[in-house]
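# Structure at a glance
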Amino acid sequence: MTQASATARRFGDDIDTDVIIPAIYLTSHRPEVLARHCMEPLDPGFAARVKPGDVLVAGRNFGCGSSREHAVLALQAAGIACVVAESFARIFFRNALNNGLPLVVCPDAVRDAREGDAIRVDLDGGQVWLGARAYPFPVHPPFLAGMIRQGGLVEYVRRRLAETGPD
């Protein structure tokens, strides 16, 4: 899956789940509420600027902190199509895959990306494009790539059961 050219939304290291969606908003499961407050502690104008398909670019340890699916849902509801980072917190990584949010580990692209850059991510080909420059990254194994493409773990299992039956 190759994404159309999008805008890079740049953040630094150790972005925790309280920054992605502050705890005060965890009482809501409504995507529009989560989207409105996504990244609010670091960038109050983020939700107003982000466009569907934009790519969040971050440093090390993105998604650290408490385990909350709300963080992934807030990013998706805000319009983030993919997160490219130097590294991810393990539990955030799993929550993102389970909810169909593509994650890419590509330190070289992170190093060179700036807020507002044109960015394109080729998940199948394993490349992040910043302008005309390509940065390779290891692609997900076929099972995980298929799960992400289908919208996450629940949809993946639902489709598999429909194809093979419950036994």
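Summary of the structure given here. (Residues numbered from 1 in each chain as written. Predicted model: local features only at pLDDT ≥ 70, side-chain atom pairs only at ≥ 80, totals over all residues. Heavy atoms only, no water.)

### Structural notes on the environment of A78
Quick reminder of the rule: Counting from the N terminus, the helices are DSSP H or I runs at least four residues long and the strands are E runs at least two residues long. To sort residues, take the accessible area from a 1.4 Å probe on protein chains only and compare it with the maximum for the residue type: under 20% means buried, over 50% means exposed, and anything in between is partly exposed. Contacts: residue pairs with any heavy atoms within 4.5 Å of one another.
Tracing the backbone through its elements, the reader meets A78 in helix α4 (residues 69-78). We classify A78 as buried; its relative accessible area is 11%. Between the C-alpha atom of A78 and that of A47, which follows or precedes it by 31 residues, the distance is 6.3 Å. Apart from the residues lying within four places of it in its own chain, the contact partners of A78 are A35, C38, F46 and V50.

### Considering the side chain of R9
Relative to the assigned elements, R9 resides in strand β1 (residues 6-10). The class of R9 is buried, set by a relative accessible area of 9%. Beyond its immediate chain neighbours, meaning those up to four positions away, R9 contacts F46, R49, V50, D54, V55, L56, V57 and E115.

### A short note on the side chain of H140
Let me state the cut-off plainly: Between N or O atoms, a polar contact is any pair within 3.5 Å; within protein, one atom must be a potential hydrogen donor and the other a potential acceptor, and residues adjacent in sequence are included only when both atoms are from side chains.
One can find H140 in the loop between β7 (133-136) and α7 (142-149). At 2.9 Å, the side chain of H140 forms a polar contact with the backbone oxygen of L103. Look past the residues within four positions of H140 in its chain and what remains in contact with it is F93, L97, L103, A145 and I148.

### What about the nonpolar core?
Applied cut-off: By nonpolar core we mean a set of buried residues, namely Ala, Val, Leu, Ile, Met, Phe, Trp, Tyr and Cys, connected to one another through side-chain atoms within 4.5 Å.
By size, the foremost hydrophobic cluster in this structure holds 29 residues, and its most contacted members are L56, F62, L75 and F92. Elements that contribute at least two residues to this core include exactly α1 (17-20), α2 (31-37), β2 (55-58), α4, β3 (82-85) and α5 (90-98). Counting residues per element, this core draws most heavily on α4, which supplies five residues. Sequence-distant contacts of L75, that is, excluding residues within four places in its chain, are made with I20, C38, L56, F62, I80, V83, F92 and L101. Core analysis: the second largest hydrophobic core is formed by 18 residues, A6, C106, V121 and F137 among them.

### Here we look at the pattern of salt bridges
The criterion, for reference: Salt bridges are identified by distance alone: a Lys or Arg side-chain nitrogen within 4 Å of an Asp or Glu carboxyl oxygen.
With the rule as written, the count across this model stands at 12 salt bridges. Across the pair E155 and R158 runs a salt bridge, and its minimum N-O distance is 3.0 Å. Pair noted here: E155 and R158 are both in helix α8 (residues 153-164), with a separation of three residues, about one helical turn. Here R159 and E155 are joined by a salt bridge, their closest N and O atoms 3.2 Å apart. Of this pair, R159 and E155 are both found in helix α8, four residues apart, which corresponds to roughly one turn of the helix. According to the relative accessible area criterion, R159 is partly exposed, its value standing at 40%. For E155, a relative accessible area of 24% corresponds to the partly exposed category. Through salt bridges with shared partners, one network takes in D108, R111, D112 and R133.

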